[in-house]
Amino acid sequence: MYASYWLRLMTEVVVVGQPHWARQVAETLSDPASDLVGEFIGERRYAGLLGRRKAPDVILRVGFRVGGTPLRARAFDAYWDVLRRRFPPAARAHYWIGTDVLNTLEEARAGTLRWSDVGAAQGDLHLVNGPWLADELRCVGLRAVAAYIPRSFHAPTVLPPLPAVFRVLSYVPGRRFSFYGGDAIIEAAARLPEVTFQIVGQGSAGVAGAPANVKFLGWMADMSQAYRDSTVVVRVPRHDGIGGTVIEGLLFGRHVVYTYPLPTCRQVTPDSPTAIVDAISELRDMQSAGTLAPNVEGRTYALEEFDEVRIAERLQSLLKELR
C-alpha cells in the first residue's frame, strides 16, 4: 500500500530523443528529493514503451525536432503521434538543444517545414538551451522558456590569475570547423601574429595553411589547464545553444568573445574576422597597459546562473507543473 501511495506522489517522466542529452536529462530528473523519476527510453525500447499499461505523467522529447522533412524526422513524428494517442493523459514536453532550432528555421524559410506537426505541438511545453532560442522558436509559433541541462563543469574553487602571456583559447570541432567559426578564427590569428591561439577539438595535425601562431591541441576531456593558460575564450559558431566553453571560461574568470549576448561577454558577428580581431585587440591592449584583470563579474554571474543544483531544480519544477 505504501509503495503504491509513494508512486502516486512521484511524477514519472519518460525521456526519448537524442541519446546523449536525453540520458543526461533523465538522470537529472531521477532525484528522490524532487519527487520526480526520469527514465531514458532508447530507440530499441520504443516499441516496449507503447506496451505499457500505465501512462507516464510526462513524455519529454529531447533534440528531435517536430516537422522536419528528412525520413528519420518524419518517422519520429509518427512515433510521437502514436505516443500521444496511446497515452492521452500524459503531458508532452520538448527540449530544444540548438541545431534542431536552426534546422527548423531553415526549413520554414525554404517552405519545407511540415506545419501540421508543428501546430500539433503548440500546446506542449517547449524548453530551450538558451534564451535566444526561445526568440527563434517564436518565429514558427512555438512559445518556449529557457531551462538549461545541468552539467558538471570544471570550475576552480579559487579564481586563477590571468597568465603573464596573452593567449586565446577556442573550441572548434574538426567535423564542423567552418560552422564553429574556425575559418574566421584562423584569419583573425593571421592578422594578430603576435598572439598565440590555442584550438581544442580540431585534430592536433591542425589545418593546412594555418599561421604559426595557431596551436592545435586536439580533443581534451578536461580543459582546466587550457583555461588557466589563456586570457580570452573565443566561441563564434553560426548558431548555438549556451556553449559549455563559454560557461567554463567565465567560471575561470576569463574574458569571453561570443556570438550571443551574455553578461560580461563581448558579442561579435560570427564569420567576421574583423570583429574577432577588434575584440581581442582591445583586451590585448588592456593587458599591455596593465589594466586587465580576471573577469570576476563574469565568474560571479556563471557561478549563480549555471549552478548545477539550481539548474536541475528549475528543470524539475517546470516538468512537475505539467502533472
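In this text, all values refer to a predicted model and were calculated from it rather than measured experimentally.

Peer 1: Please clarify how the packing of aromatic side chains should be interpreted in this entry.
Peer 2: Geometry of an aromatic ring pair is reported as the spacing of the ring centres plus the angle between the planes. Enumeration according to the criterion identifies twelve aromatic pairs in this entry. Here the aromatic rings of W132 and Y260 are separated by 4.3 Å at their centres, their planes lie at 10°, and the arrangement is stacked. With W132 in helix α7 (residues 131-138) and Y260 in the loop between β11 (255-258) and β12 (266-267), this pair connects stretches of sequence that are 128 residues apart. Among the aromatic residues, ring-to-ring pairing joins Y46, F64, F76 and Y79 into one connected group. A cation over a ring is seen here: R61 above W80, with NZ or CZ 5.2 Å from the ring centre.

Peer 1: I'm lost on the sheet that holds strand β7 (residues 167-172) in this one. Help?
Peer 2: Strand pairing in a sheet relies on backbone hydrogen bonds. The paired strands run either parallel or antiparallel. Read across the sheet, six strands follow the order β9-β8-β7-β10-β11-β12 without closing on themselves; strand pairing throughout is parallel. Since the sheet does not close on itself, it has two edges, and those belong to β9 (214-218) and β12, each with one partner. Sheet topology note: the strand β10 (residues 232-235)/β11 ladder contains four bridges and is parallel. Within β11, the residue paired with V232 across the bridge is H255. Where helix α10 (residues 244-251) meets the sheet, it contacts β7, β10 and β11, and its direction lies at approximately 165° from that of β10.

Peer 1: Hey, could you run me through the sheet that holds strand β1 (residues 11-17) in this one?
Peer 2: As summarised here, the arrangement of the six strands in space is β2-β1-β3-β4-β5-β6, forming an open sheet in which the pairing is parallel. Whereas interior strands pair on both sides, the edge strands pair on one side only; in this sheet they are β2 (36-40) and β6 (144-146). Each strand of the sheet is rotated relative to its neighbour by a mean of 25°, with strand direction disregarded. Both β1 and β2 contribute to a ladder of five bridges, which runs parallel.

Peer 1: Just checking my understanding: could you explain the side chain of R65 for this structure?
Peer 2: Within the secondary structure layout, R65 lies in the loop between β3 (58-62) and α4 (71-86). Residue R65 is classed as buried on the basis of its relative accessible area of 12%. Within the structure, R65 has its side chain in polar contact with the side chain of E107 (distance 2.9 Å). Dropping the residues within four chain positions of it, R65 is found in contact with P70, D77, W96, D100, N103, T104 and E107.

Peer 1: Help me out: how do you make sense of the packing of helix α8 (residues 182-191) against helix α11 (residues 273-288) in this one?
Peer 2: The interhelical angle for the contact between α8 and α11, taken along N-to-C directions, is 55°, at an axis separation of 8 Å. When the interaxial angle is binned, α8 and α11 end up oblique. In this structure, the crossing between α8 and α11 has a hand that is right-handed. Contact residues: A184, I185, E187, A188 and R191 in α8; P273, T274, I276 and V277 in α11. In terms of residue class, the contact of α8 with α11 is made up of six nonpolar, one polar and two charged.

Here is what the cut-offs are and how they apply
Residues numbered from 1 in each chain as written. Predicted model: local features only at pLDDT ≥ 70, side-chain atom pairs only at ≥ 80, totals over all residues. Heavy atoms only, no water. Phe/Tyr/Trp six-rings, centres within 6.5 Å; stacked < 30°, edge-to-face > 60°. Helix = DSSP H or I, 4+ residues; strand = E, 2+ residues; numbered from the N terminus. Lys NZ or Arg CZ within 6 Å of the ring centre and 35° of its normal. Pairing = 2+ DSSP bridges. Contact = heavy atoms within 4.5 Å. Axes fitted to C-alpha atoms, helices over the stretch in contact; angles between N-to-C directions. Buried < 20%, exposed > 50% of the residue type's maximum accessible area, 1.4 Å probe, protein only. Polar contact = N/O pair within 3.5 Å; in protein donor to acceptor, adjacent residues only side chain to side chain. Parallel < 35°, antiparallel > 145°, perpendicular 65-115°, else oblique. Left-handed = near helix turned anticlockwise from the far one by under 90°. Nonpolar A, V, L, I, M, F, W, Y, C, P; charged D, E, K, R; others polar.

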